[in-house]
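Listed below, chain by chain, are the residues.
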Amino acid sequence: MSSVLVIGYDPSAVAALIPDVDPDAIRAGLTQQLARFAEQGVDAAVTTVVADEAAEPTLVASLTERPWDVVVIGAGIRKTDELVPLFEQILSLIRRHAPQAEVAFNTFPGDSVEAALRRL
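Residues numbered from 1 in each chain as written. Predicted model: local features only at pLDDT ≥ 70, side-chain atom pairs only at ≥ 80, totals over all residues. Heavy atoms only, no water.

A.B. asks: What am I meant to see in the nonpolar core here?
C.D. replies: For soluble globular proteins, the rule of thumb is that nonpolar side chains tend to be buried together. Core analysis: the biggest nonpolar cluster contains 33 residues, and V4, V71, V72, I77, L86 and I90 have the highest contact counts within it. Of all the elements in the fold, those that place two or more residues in this core are β1 (2-9), α2 (23-39), β2 (42-49), α3 (55-63), β3 (70-73), α5 (84-97) and α6 (112-119). (Core = buried A, V, L, I, M, F, W, Y, C linked by side-chain atoms within 4.5 Å. Buried < 20%, exposed > 50% of the residue type's maximum accessible area, 1.4 Å probe, protein only. Helix = DSSP H or I, 4+ residues; strand = E, 2+ residues; numbered from the N terminus.)

What follows is the structure, given as structure tokens:
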């Protein structure tokens with residue numbers, strides 16, 4: 001069974017960085033994606049972080065939990081100028097702690113499955 005880790009910005013903190021984004025809609029989208037992964041026969045998990053000192057240990061724990069086939073990095077992290085340092089940190093941590101994993105990028109939480117399937 002293939003495995004996918006989706007890394008996103010914590011929905012509770014996203015409104016402070018990205019105006020007009022509904023944290024509840026993000027949570028619902030991620031939950032829906034987990035169900036869709038299961039329908040595809042893909043074992044998936046979601047890790048959310050904020051740009052603080054807890055990000056690295058949280059990410060390392062998730063990245064080393066198992067050998068992931070794909071790590072999807074969320075668009076909120078990738079497209080938000082203030083989060084470029086976090087985006088760089090995530091890429092470096094993937095290289096160090098999950099070097100076997102392909103990297104994919106979603107455009108919003110609702111297309112995480114499609115992003116991962118492009119790399120599986």
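A.B. asks: What am I meant to see in the pattern of salt bridges here?
C.D. replies: If you walk through the whole model with that rule in mind, you get 5 salt bridges. Between R66 and D43 there is a salt bridge, with the nearest N and O atoms lying 2.1 Å from each other. Taken together, the residues R66 in the loop between α3 and β3 and D43 in strand β2 connect sequence positions 23 residues apart. (Salt bridge = Lys/Arg side-chain N within 4 Å of Asp/Glu carboxyl O.)

A.B. asks: I tried to follow the layout of surface pockets on my own but got confused; where do I start?
C.D. replies: The probe, sized like a water molecule, is rolled over the atoms to show the empty space still left. Of the pockets and cavities examined, the largest pocket occupies roughly 240 Å³. Lining the largest pocket are 16 residues, and of these I26, G74, A75, G76 and P109 lie nearest its centre. Those elements that provide at least two residues to the lining of the largest pocket are β1, α2 and α4 (75-78). The element best represented in the lining of the largest pocket is β1, accounting for 4 residues. Here the residues of the lining of the largest pocket are counted per class, giving 11 nonpolar, 5 polar and no charged. (1 Å grid on protein atoms, 1.4 Å probe; cavity = no way out; pocket = protein on both sides within 12 Å on 5 of 7 lines; lining within 4 Å. Points joined across faces, edges and corners; volume = space filled by probe spheres on them. Nonpolar A, V, L, I, M, F, W, Y, C, P; charged D, E, K, R; others polar.)

A.B. asks: Hey, could you run me through the packing of aromatic side chains in this one?
C.D. replies: Describing an aromatic ring pair means giving the distance of the ring centres and the angle of the ring planes. The final tally for this structure, using the stated rule, is 1 aromatic pair. Ring centres 6.0 Å apart and planes at 65° place the aromatic pair F87 and F105 in the edge-to-face group. With F87 in helix α5 and F105 in strand β4 (residues 102-105), this pair connects stretches of sequence that are 18 residues apart. Classification of F87 by relative accessible area gives buried; the value is 17%. (Phe/Tyr/Trp six-rings, centres within 6.5 Å; stacked < 30°, edge-to-face > 60°.)

A.B. asks: Where do I start with the packing of α3 against α5 in this structure?
C.D. replies: Packed helices, taken two at a time, are described by the angle their axes make and the gap between the axes. One can describe the packing of α3 onto α5 by two numbers: an axis separation of 10 Å at closest approach and a directional angle of 35°. Our pair here, α3 against α5, has a crossing hand that is right-handed. Two secondary-structure elements touch here, α3 through A55, E56, L59, V60 and L63 and α5 through L86, Q89, I90, L93, I94, R96 and H97. Tallied by class, the residues present in the contact of α3 with α5 amount to 8 nonpolar, 2 polar and 2 charged. (Axes fitted to C-alpha atoms, helices over the stretch in contact; angles between N-to-C directions. Left-handed = near helix turned anticlockwise from the far one by under 90°. Contact = heavy atoms within 4.5 Å.)

A.B. asks: So what exactly am I meant to see when it comes to the sheet that holds β1 here?
C.D. replies: Remark on secondary structure: sheet strands pair via backbone hydrogen bonds, oriented parallel or antiparallel. Here we have 4 strands laid out as an open sheet, ordered β2-β1-β3-β4, and parallel in their pairing. Of all strands in the sheet, those with a lone pairing partner are β2 and β4, marking the two edges. Each strand of the sheet is rotated relative to its neighbour by a mean of 20°, with strand direction disregarded. By the bridge criterion, 8 bridges tie β1 to β2 in an arrangement that is parallel. (Pairing = 2+ DSSP bridges.)

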